[in-house]
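# Analysis of the macromolecular model
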Amino acid sequence: MGIQNTIKALSDPIRRQILEMLKGGRMAAGEISEKFPVSGAAISKHLSVLREADLIRDTREGKFIYYELNTSVLEEVMLWISGLKGEKHD
């Protein structure tokens, strides 16, 4: 995994929008898909890239899959970026 997968996942505007949507809490795959003018298969691929980068987690409940943010990875990325800016952390 690592920072390279994370940066790749964040490079796509649809994936960034999905992360923004998940800030409000977990969502079912169908709820996410209906917000975009692309196919369900395309959204599934975007979700897969985000999951592989460990930016989101999924949970199956019955026939639905719910996605939520993995904030620990986002925090690691933010610390890395602020370190590049020369900011000190405790």
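The structure this text deals with has already been given above.
Residues numbered from 1 in each chain as written. Predicted model: local features only at pLDDT ≥ 70, side-chain atom pairs only at ≥ 80, totals over all residues. Heavy atoms only, no water.

This paragraph deals with the pairing of strand β3 (residues 64–69). The sheet contact formed by strand β1 (residues 27–28) and β3 spans two bridges and is antiparallel. When the sheet's bridge partners are listed, Ala28 is paired in β3 with Tyr66. Two strands pair when backbone bridges link them, and strand β2 (residues 56–61) and β3 are joined in this way by six bridges, in the antiparallel orientation. Of the residues in β3, the one forming a bridge with Ile56 is Leu69. Between β2 and β3, which pair antiparallel one after the other, the connecting turn spans two residues, and Gly62 there sits at a positive phi close to 65 degrees. (Pairing = 2+ DSSP bridges. Helix = DSSP H or I, 4+ residues; strand = E, 2+ residues; numbered from the N terminus.)

Attention shifts here to the packing of aromatic side chains. Evaluated as defined, the whole model comprises one aromatic pair. Ring plane angle 50 degrees and centroid distance 6.5 Å describe the contact between Phe64 and Tyr66, whose orientation is recorded as tilted. Above the plane of the ring of Tyr66 lies Arg26, whose end atom (NZ or CZ) is 4.1 Å from the centre. (Phe/Tyr/Trp six-rings, centres within 6.5 Å; stacked < 30°, edge-to-face > 60°. Lys NZ or Arg CZ within 6 Å of the ring centre and 35° of its normal.)

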